[in-house]
Amino acid sequence: MNPIIEFCISNLGMGGYEAMQKLEEDPDLDIVEYGCLDHCDLCAETLYALVNGEVVTGESPDDLVKNIYQYIEDNPMF
């Protein structure tokens, strides 16, 4: 089972799209895009994604990608 990375479509418009594109190149990740993830305050402030249901943030698209991989490494699914 692959880690599930969830993106809010509103956050994608704020720069998260670039991060999502990079992550989609990894066949070991499942990327899902939703209309809203109900983290509106966070969404307005920074780039973020849910990784297996947990919030991961980043200052830039590259930072978000780095932090997502770090979270996955620090929190193995098995």
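I will try to describe carefully the structure that is included in this document. Keep in mind that this is a model prediction, so the values were computed, not measured. (Residues numbered from 1 in each chain as written. Predicted model: local features only at pLDDT ≥ 70, side-chain atom pairs only at ≥ 80, totals over all residues. Heavy atoms only, no water.)

What to know about the sheet that holds strand β4 (residues 54-58)
Two modes of strand pairing occur in sheets, parallel and antiparallel, and in both the strands are linked by backbone hydrogen bonds.
Then, in step 1: Reading across the sheet, the four strands line up as β2-β1-β3-β4 and stay open at both edges, with mixed pairing between neighbours. Edge positions in the sheet fall to β2 (30-34) and β4, since each has one partner strand and no second. Across this sheet, the average inter-strand angle for adjacent strands is 30°, counted without regard to direction.
Then, in step 2: Two strands pair when backbone bridges link them, and strand β1 (residues 4-8) and β2 are joined in this way by five bridges, in the parallel orientation. Counted as the bridge partner of C8 is Y34 from β2.
Then, in step 3: Packing against the sheet, helix α1 (residues 9-24) makes contact with β1, β2 and β3 (47-51), and its axis sits at approximately 150° to β1.
Then, in step 4: Each of β1, β3 and β4 touches helix α3 (residues 61-74); the most contacted strand, β4, lies at about 145° to it. (Pairing = 2+ DSSP bridges. Helix = DSSP H or I, 4+ residues; strand = E, 2+ residues; numbered from the N terminus. Axes fitted to C-alpha atoms, helices over the stretch in contact; angles between N-to-C directions. Contact = heavy atoms within 4.5 Å.)

Some points on the environment of P76
Then, in step 1: Assignment of secondary structure puts P76 in the segment after α3.
Then, in step 2: Judged by its relative accessible area of 58%, P76 is exposed.
Then, in step 3: In the structure, P76 is positioned 73 residues away from P3 in sequence and 8.9 Å away in space, judged by C-alpha atoms. (Buried < 20%, exposed > 50% of the residue type's maximum accessible area, 1.4 Å probe, protein only.)

Side note on the pairing of β3
Then, in step 1: Extensive coverage of β3 is indicated by the burial of five of its five residues.
Then, in step 2: Side chains L47, A49 and V51 of β3 all project onto a buried face; the interleaved residues Y48 and L50 project onto the opposite face, where all are buried too.
Then, in step 3: Inspection of the sheet shows β1 paired to β3 by two bridges, in the antiparallel sense. Note that in β3 the partner of I5 across the bridge is V51.
Then, in step 4: With five bridges connecting them, β3 and β4 associate as antiparallel partners. Residue V51 lies in a different strand from β4, and its bridge partner there is E54.

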